[in-house]
Amino acid sequence: MGAQLIKGNEAVVKAALLAGCRGFYGYPITPASEITESAARYLPLVGGVFVQAESEVAAINMLYGGAAAGVRVMTASSGPGISLMQEGFSYLAGAELPCVVVDMMRGGPGLGSIGPEQADYFQIVKGGGHGSYRNLVLAPASVQELVDLTVLAFDLADRYRNPVVVLADGSVGQMMEPAAFPAPRPVPEPPPWAILGTAATRTNLVNSIHLDPDRLERHVRTLEAKYRRAEQREPRWDGWRTEDAEVVLVGYGMAGRVLRAAVEAARRRGIRAGLLRPLTLYPFPTAEIRRLAATVRAFGVVEMSTGQLIEDVRLALEGRRPVELHTRLGGNIPTTEEVLDFVAEKLAGAGAGLEVPAHA
Amino acid sequence: MPDLAVVHGRSPSFYAVFDRKEDGDPGQTHYCPGCGHGILTKLLAEAIDALGIQDRTVLVSPVGCSVFGYEYLDVGNIQAAHGRAPAVATAVKRSRPDSIVISYQGDGDLAAIGTAEIIHAANRGEAITVIFVNNAIYGMTGGQMAPTTLVGERSTTTPWGRDPTVHGYPIRVCELLATLEAPVHIERVGLGSNRQIMAAARAVRRAIDNQVRGLGFSVVEVLSPCPTIWGLDPVEAQTFVRDTMPRTFPLGILRDRTATAVPRPPLPSPPDPAELPGILGLDGATAGTTGGRAGGPRHAGADHRIVAAGFGGQGVQVLGEVLAEAGLSAGYHVAWLPSYGPQMRSGTSNCHVRLCGGAVDSPLVSRPTALVALNQPSLRAFLPRMEPGTLVLFNADAVPPDGLPRGLRIGAVPATAIADRLGSPRAANMVMLGALLEATGMLAPGVVEATLQRMVTDPAWRDLDLAALRAGQRAARRALPATCLHRTAILGAPGPPGPGPRPS
Amino acid sequence: MERTIDRGTVVIGIDECKGCGLCVQACPPRVLRLSAQLNRHGYHPAEYTGSGCTACGICYYVCPEPGGVTVFRREAA
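Residues take numbers from 1 onward in each chain, read along the sequence in its written order. Whichever chain is written first becomes A and whichever ligand is written first becomes 1, with later ones labelled in order. Where local features are concerned, this predicted model is filtered to residues with pLDDT of at least 70; where side-chain atom pairs are given and counted, the filter is 80 or more; whole-chain, interface and lining totals use all residues. Only hydrogens and water are removed before side-chain values are computed, so all heavy atoms of the structure are retained for them.

1. So, the overall build of chain B
Okay, so step 1: Secondary structure counts use DSSP, requiring at least four H or I residues in a row for a helix and at least two E residues in a row for a strand, with both numbered from the N terminus. Counting its regular elements, chain B contains 18 helices and 14 strands.
Okay, so step 2: Along the first, second and third principal axes, the C-alpha atoms of chain B reach 115 × 55 × 45 Å.
Okay, so step 3: Looking at chain B as a whole, 58% of its 504 residues are labelled buried.
Okay, so step 4: If you sum the accessible surface of chain B, you get close to 18700 Å²; carbon and sulfur atoms cover 56% of it.
Okay, so step 5: Positive: Lys, Arg. Negative: Asp, Glu. His and the chain ends are not part of the count. To locate a charge, take atom NZ for lysine, CZ for arginine, CG for aspartate or CD for glutamate. With 44 positive and 42 negative side-chain charges, chain B shows a spacing of 9 Å between the two charge centroids. Each residue gets one of three labels from its accessible area relative to the maximum for its type: buried under 20%, exposed over 50%, partly exposed in between, using a 1.4 Å probe on protein chains only. Where accessible areas are quoted, they stem from the Shrake-Rupley method and a 1.4 Å probe; at the residue level, only the protein chains shown are allowed to cover.

2. A word on the interface of chain C and chain B
Okay, so step 1: Contact definition: two residues touch when any of their heavy atoms are within 4.5 Å. With 33 residues of chain C in contact, the opposing surface of chain B contributes 33 residues.
Okay, so step 2: Two parts placed together each lose some accessible area; with a 1.4 Å probe, that loss summed over both constitutes the buried area. A buried area of about 3100 Å², summed over both sides, lies between chain C and chain B, and 60% of it is on carbon and sulfur atoms.
Okay, so step 3: When the area that chain C buries against chain B is broken down by residue, the three leading residues are Tyr60(C), Tyr61(C) and Pro66(C), summing to 25%.
Okay, so step 4: Definition used for salt bridges: Asp or Glu carboxyl oxygen within 4 Å of a side-chain nitrogen of Lys or Arg. Counting every contact that joins chain C to chain B gives two salt bridges.

3. Notes on the interface of chain A and chain B
Okay, so step 1: Listed per partner, the contact involves 94 residues of chain A and 83 residues of chain B.
Okay, so step 2: Buried surface at the junction of chain A and chain B, summed over both partners, amounts to about 7100 Å²; 61% is from carbon and sulfur atoms.
Okay, so step 3: Viewed at the interface, chain B and chain A are joined by six salt bridges.
Okay, so step 4: Asp55(B) is paired through a salt bridge with Arg202(A); the nearest N and O atoms lie 2.9 Å apart.
Okay, so step 5: N or O atoms within 3.5 Å of each other form a polar contact, as long as, within protein, one can give a hydrogen and the other can take it, and as long as residues adjacent in sequence are counted only when both atoms are side-chain atoms. Where chain A packs against chain B, one counts 25 residue pairs in polar contact (both at pLDDT 80 or more).
Okay, so step 6: Looking at which element gives the most residues to the side of chain A that touches chain B, the answer is helix α3 (residues 56-68) of chain A, with eight residues.
Okay, so step 7: Its residues assigned to classes, the side of chain A that touches chain B shows 50 nonpolar, 26 polar and 18 charged.
Okay, so step 8: Two strands make a pair as long as DSSP finds a minimum of two bridges between them. As defined by bridge partners, strand β10 (residues 205-206) of chain A adjoins strand β3 (residues 76-79) of chain B across two bridges and the pair is classed as parallel. In the sheet register, Val206(A) faces β3(B), and the bridge partner there is Ile78(B). Think of it as three bins: nonpolar holds Ala, Val, Leu, Ile, Met, Phe, Trp, Tyr, Cys and Pro, charged holds Asp, Glu, Lys and Arg, and polar takes everything else, Gly as well.

4. A look at the packing of helix α1 (residues 8-18) of chain A against helix α7 (residues 143-160) of chain A
Residue and element names in this part refer to chain A.
Okay, so step 1: Between α1 and α7, the shortest axis-to-axis distance is 8 Å and the interhelical angle comes to 30°. By crossing handedness, the relation of α1 to α7 is classed as right-handed. For the pair formed by α1 and α7, the contact residues are Gly8, Ala11, Val12, Ala15 and Ala16 on the first element and Val143, Leu146, Val147, Thr150, Val151 and Phe154 on the second.
Okay, so step 2: Its residues assigned to classes, the contact of α1 with α7 comprises nine nonpolar, two polar and no charged. Each axis is a line fitted through C-alpha atoms, taken for helices only over the stretch in contact, and angles between the N-to-C directions span 0 to 180 degrees. Two helices cross in a left-handed way if the nearer one is turned anticlockwise from the farther one by less than a right angle. They cross in a right-handed way if the turn is clockwise.

5. Side note on the domain arrangement of chain B
Okay, so step 1: Segmentation of the chain into domains, including their bounds, is taken from an automatic or database domain assignment. If you check the domain split of chain B, you get domain 1 (36-256) and domain 2 (297-490).
Okay, so step 2: For domain 1 of chain B and domain 2 of chain B, the distance between their C-alpha centroids amounts to 62 Å.

6. A closer look at the sheet that holds strand β6 (residues 185-190) of chain B
Okay, so step 1: Taking strand neighbours across the sheet as the criterion, the eight strands line up as β10(A)-β3(B)-β2(B)-β4(B)-β5(B)-β7(B)-β6(B)-β8(B) in an open arrangement whose pairing is mixed. Two strands lie at the open edges of the sheet, namely β10 of chain A together with β8 (252-256) of chain B, each paired on one side alone.
Okay, so step 2: Bridge count for β6(B) against β8(B) is four bridges, and the pairing is antiparallel. Paired with Glu187(B) across the bridge in β8(B) is Ile253(B).

7. Topic: the state of the cysteines
All names here are of chain B.
Okay, so step 1: Counting rule for disulfides: a pair of cysteine sulfur atoms within 2.5 Å. For the structure shown, the criterion picks out zero disulfides over all chains.
Okay, so step 2: Lacking any disulfide linkage, cysteine 35 is separated from the closest cysteine sulfur, that of cysteine 32, by 6.1 Å.
Okay, so step 3: Here cysteine 35 falls in the buried class, since its relative accessible area comes to 9%.
Okay, so step 4: Left without a disulfide partner, cysteine 226 is nearest to the cysteine sulfur of cysteine 35, which lies 6.4 Å away.
Okay, so step 5: Overall, cysteine 226 belongs to the buried group, its relative accessible area being 11%.

8. Some remarks on the packing of aromatic side chains
Okay, so step 1: Two rings from Phe, Tyr or Trp (for Trp, the six-membered ring) form a pair when their centres are within 6.5 Å of each other. A pair whose planes differ by under 30 degrees is stacked, one over 60 is edge-to-face, and the rest are tilted. Tallied over the entire structure, the rule returns eight aromatic pairs over all chains.
Okay, so step 2: On the basis of an interplanar angle of 75° and a centroid distance of 6.4 Å, the ring pair of Tyr227(A) and Tyr282(A) is categorised as edge-to-face. Residue Tyr227(A) is found in helix α9 (residues 213-233), and its partner Tyr282(A) is found in strand β14 (residues 280-282); the two are separated by 55 residues along the sequence.
Okay, so step 3: Ring plane angle 55° and centroid distance 6.2 Å describe the contact between Phe68(B) and Tyr70(B), whose orientation is recorded as tilted. Here Phe68(B) matches Tyr70(B) in class, with each residue buried.
Okay, so step 4: A network of ring pairs unites the aromatic residues Phe18(B), Tyr31(B) and Tyr72(B) as a single cluster.
Okay, so step 5: As a reminder, the over-ring test applies to NZ of lysine and CZ of arginine, requiring each to be within 6 Å of the ring centre and within 35 degrees of the ring normal. In this structure, Arg134(A) packs its charged tip against the face of Tyr282(A), placed 4.0 Å from the ring centre.
Okay, so step 6: A cation sits over an aromatic face here: Lys42(B) above Tyr60(C), 4.3 Å from the ring centre.

9. Points about the sheet that holds strand β4 (residues 69-75) of chain C
Okay, so step 1: Judged by pairing direction, the sheet is antiparallel, and its three strands sit side by side in the order β1(B)-β4(C)-β1(C) without closing on themselves. Of all strands in the sheet, those with a lone pairing partner are β1 (3-8) of chain B together with β1 (8-12) of chain C, marking the two edges. Shown here is a sheet whose adjacent strand axes are inclined to one another by a mean of 35°, direction ignored.
Okay, so step 2: Note that β1(C) and β4(C) share five bridges and pair antiparallel. Following the sheet pairing, Thr9(C) is matched in β4(C) by Phe72(C).

10. Quick word on the pattern of salt bridges
Residue and element names in this part refer to chain A.
Okay, so step 1: Overall, the coordinates contain 50 salt bridges over all chains when judged by the stated rule.
Okay, so step 2: The closest approach of N and O atoms between arginine 320 and glutamate 318, which form a salt bridge, is 2.7 Å.
Okay, so step 3: Since its relative accessible area comes to 52%, glutamate 318 is described here as exposed.

11. Digging into the packing of helix α11 (residues 286-293) of chain A against helix α12 (residues 309-317) of chain A
Angle between the axes and distance between the axes are the two parameters that describe a pair of packed helices.
All names here are of chain A.
Okay, so step 1: At a minimum axis distance of 8 Å, the contact between α11 and α12 shows a crossing angle of 60°. Between α11 and α12, the crossing angle belongs to the class labelled oblique. When you trace α11 past α12, the crossing you get is right-handed. Between α11 and α12, the contacting residues are Thr286, Ile289, Arg290 and Ala293 on the first element and Val313, Leu315, Ala316 and Leu317 on the second.
Okay, so step 2: Grouping the constituent residues of the contact of α11 with α12 by class yields six nonpolar, one polar and one charged. Any angle between 65 and 115 degrees counts as roughly perpendicular, while under 35 counts as roughly parallel, over 145 as roughly antiparallel, and the rest as oblique.

12. Digging into the domain arrangement of chain A
All names here are of chain A.
Okay, so step 1: Domain boundaries in chain A define domain 1 (4-233) and domain 2 (238-347).
Okay, so step 2: Here the C-alpha centre of domain 2 lies 28 Å away from the C-alpha centre of domain 1.
Okay, so step 3: Taken together, the 33 residues of domain 1 in the interface contact 26 residues of domain 2.
Okay, so step 4: At the boundary of domain 1 with domain 2, total buried surface from both sides reaches about 2300 Å², with 54% on carbon and sulfur atoms.
Okay, so step 5: Of all residues in domain 1, Gln118, Tyr121 and Phe122 give up the largest surface area on contact with domain 2, accounting jointly for 29% of the area buried on that side.
Okay, so step 6: Here arginine 257 and glutamate 177 are joined by a salt bridge, their closest N and O atoms 2.4 Å apart.
Okay, so step 7: Linking domain 1 with domain 2 are 17 residue pairs in polar contact (both at pLDDT 80 or more), by the criterion used here.
Okay, so step 8: Only β6 (113-116), α6 (121-127), β7 (136-138), α7, β8 (163-169), α8 (170-174) and α9 provide two or more residues apiece to the side of domain 1 that touches domain 2.
Okay, so step 9: Residue classes in the side of domain 1 that touches domain 2 are distributed as 18 nonpolar, six polar and nine charged.

13. Focus on the environment of Leu34(C)
Residues and elements named next belong to chain C.
Okay, so step 1: Position of leucine 34 among the secondary structure elements: in strand β2 (residues 32-34).
Okay, so step 2: Taking the C-alpha atoms as reference, leucine 34 lies 6.8 Å from glycine 21; in sequence the two are 13 residues apart.
Okay, so step 3: In this structure leucine 34 touches Gly19, Gly21, Val24, His44, Pro45 and Ala46, once residues within four positions along its chain are discounted.

14. Side note on the nonpolar core
Okay, so step 1: Phe181(A), Leu281(A) and Phe299(A) are the most contacted members of the largest nonpolar core, which has 163 residues in total.
Okay, so step 2: The element that contributes the greatest number of residues to this core is α7(A), accounting for 11 residues.
Okay, so step 3: Within the second largest apolar cluster, 60 residues are counted, among which are Ile100(B), Tyr104(B), Ile131(B) and Val222(B). Among buried residues, those of type Ala, Val, Leu, Ile, Met, Phe, Trp, Tyr and Cys that are joined through side-chain atoms within 4.5 Å constitute a nonpolar core.

15. A short note on the confidence of the model for chain B
Okay, so step 1: Every residue gets a pLDDT, meaning the predictor's confidence in that residue, from 0 to 100. Summarising the model, chain B shows a mean pLDDT of 90, and 92% of its residues fall at 70 or more.
Okay, so step 2: Under a pLDDT of 50 for its full length, residues 342-346 of chain B has, in the predicted model, 18 contacts with residues more than four places off or in other chains.

Here is the structure:
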C-alpha cells in the first residue's frame, strides 16, 4: 500500500466513507466547505445520503435524525457554524446518538477571519451546549491523522453513543499531504436502539426529555459514568523525547506539529525539551501530564487561542509545576523560531527551585 | 339478541397504557379537557390504522404540547428540538425511505423558531407528512404570543392584544408554503365542528397516504382549540375555531399536485465495499491495495521550503501541487499549503511547499529556501521575510533595480513571455517550475514530466506544460546568474528523523 | 313496554373522560350528557342517556381522549 497526496478536507470525507459513514448533512463555510463539496460528490456514489442543509442548525438536527435512523452520520463546519450547532450537540448527547462533527477552526470571535485558529477549544472540549454532557474530541495535526482519527471518531461515537468532534485548525484541512487509507469497512448493522420504521424497532424511542427529577438524575448519572469510562480508556497522545525532558511543550494540531521542530531546535541549543501532543482533547491525557510532572521542571503550552488548552494542563498539574503560555492568533501559526525563543526565555530557567527527581 | 360490534373505538396505534408518562394517570393523555391535540392525535392514529402502516411509522415530535406524542402513539418515536422536526424527519426519511415519517408540530415550533426548517424541507420536497397544529398561542409555556396569534388577541406577551403595528400580522403558513413548487399537498382544516373534524380526518389520512404512495411533501394545518389558555370552556373554544379563526386562516386545499407528482426515484443500490477505493479514487492508497507512492529515505537531510506566489489565475497553486506530487514520487516527505488565512495574504495567490528527507514538521513555510514570484507585488510582499542566501526566481525580463535586500540569490526568468511564445501565457507557471528545478536540482526533470503526464489530462495542455517546463530549464541555464545555480547551497538543516506521528 | 331498537350504543370510558362536554355538544341525536357524578379525577364524565344512539361516531371523533368513547353498532341478529 502506498500513499496519495490529498487535501485534508477531501481526505476526511474519504476516510469517513471507508469507515461506513453513509449520511452527510452540511452547510458551507470557509475553511470547511471542501468537506461538504467532497461529501456532495461521493456520498451518492456509495449509496449514502447527502443534503445541503439550510443552516448549521438544520444540519446538526439532520445528523440527529440520521443517527436515530441508525446510520453513521457526519457534518463539518467552522467556528460560526459550530456555534449554531451547539443546540444539536446537547440534544445528540442527551439522546445518546452517535455522530461525527469536523470543526475546521477559523479565527474568532464573531466573523473573525478564515485563517486558522484554535479558539473553539472551550466551546468543543468543555461543551458549548446546555446540560451536563461532553463531546469526545480528537485533534489531528496532519492529513494522515485526519484520516486515522476520523475513522476512530466513528468507532468512538458508536462505542459511547455520543457526538465525537474532530477538531483541527483550518490549515489542517487546507493542506495537501500524502495519506494512506484503511481498507473499506462494510456499513455496520443499525444498532438495536435505532428507529428504522420496522416492526422490530417500533417500540424504540429516541428522546432527551425526562421531567421526573429522579429519572433525569439517573439519566445524567448514566452519561456521567460513560464519560468516566472514556476518561479511563480513551486518552491518546503523541509523546516525543519526554523520557529525559526537563521542559515539556504541550500543543495540539498544527501548533503541536510546530512544537516537534521546536523540540529538536531547543535540544540543539542544549535545552532538554520534550513534546506532549494530545490526540484526544476530551478525554484529556491528564494522567500522562501528571506522570511527566514527576520528572519535568516546567511546561510550556503553545496554542492558537488566548489560553484555553492551558487550563486543562494546569488542572492536570494541580499547581505542581509552572506552566508558561505562548499564543498566536488571527490566523497566524506559531513558527519554530518563535517557539524556540519562548522556550529559551520563559522555560529554560522556569521551575529551577522545584524538587525534581533525577532522571533515571 | 342482536350483536354489538365496535365501529369506533380506541385505536390499536395507541399504547394500551401510557406508561411512558412520567406523571399523572397512565390511562389518560396529558392534554387539557377539550384540547385539539387529543382529537388530532386520534385522527392520526386512525389514519395509521386505515393505511396499515403502524410498523413503518416514525413520529417526530418537537417541543410544545406536541412533545409527548411518544407517550401515546405506538410507533417509532423521535423527540426533537424546538422547531427542528422537519430537519430530523428529512434525515430519517432519506436514511430509511420505506419508513413513513410524520412531523407533528405546533405553531410556535413550526411558524416561529422552525420557520427555516419547514420552508426548506417543503422546498426540497421531502417525502414526509407534516401535521401543523395551529392554536394561535404558545400552550406549553403558558400563553405567550404565537406567530399565528390573531390580531387583537390577548396573550401573556401581548397583554393589550396583538397590535399589527407592533407585533406584525399572523403568519399564514399554508399560503407561504404554497409559493413553493415542490409540495404536493397543502391543506388547512379545523377542529371547530363535526363537519370540520371529519374533513380534518380525511385530510390527515390523505397527507399520510401521499407518503405511502411515494409522493412528495404534504402538510396539513389544523386550526385547533386551546381552551385552557384561551380561557374559554371547551365548547366555546370549539366555536371560536369554527367561526373566528377561519377569518384569518381560510380553510381549504391550497395545493394538490398528487395526481401529477412523480415519486422520488429510489436510491441506487449501494456498491460492494470492495469497490470503494476505486470509487473514491484511492486505488493504491488503501490498506490491502497496491500501488500509490510513499516517501522514502532517498533524500536524508533535505529540507526544501518553497513559496510560490503570483496573481490569482497564474497557476501558482498548480505549480505547488505539481511540485508536491513529483516530490512524493521522488521519495520526499511532502506538504502543500495553499493561500489560506491572513499570514499568507498579500493580495496574491500563493502556496507553501515542503519537500523533506524526514517528516514535515510544519507545512507552513516561515523561512523559505526558495521564492518563486510570478509578479512584482508578490515579490515585494515576500521579500521582507527572505533571509540571505534564499533563492528568488522572478517572472520578468530583469530583476528590479531597487529595494532588494542584500544577499539574495535572485534571478529573472521571463516566464510569461516564454510561455506566450509557446502558445499561452498561462503556462508561465510551468516555465517557472522548470527554472526552479534547474536552479535547485531538487527533482529530476523526468519525475516532474511523469507527474505532468499523470495530472494533466488534456493532451494540448499537457504538451504545452511539458514544453514550458523544458523551456524554463533552458532559460534558467541561459539567463540566471551563477549564484542562483549553486544547487547544494539551498539545502537547509535536516528535519526531524523518522516517520510522522500516528495516533495510537 | 315496546320501543324501537337503537342502531347503536355508546360506552364512555369514565376514568378517561375529562368532562369537556364536546361529545355532548356534538351528538346529533342529543343522547349524551354530563353525569352528575364525579369520576376519580374529579370530572363530571359524559354518559349515555341510554337510548337513541345512531352509531354515527361523531362523539368518538370529537373526544380528545383515545379511549374516551367507544361506539357500537347493532348488527342484524
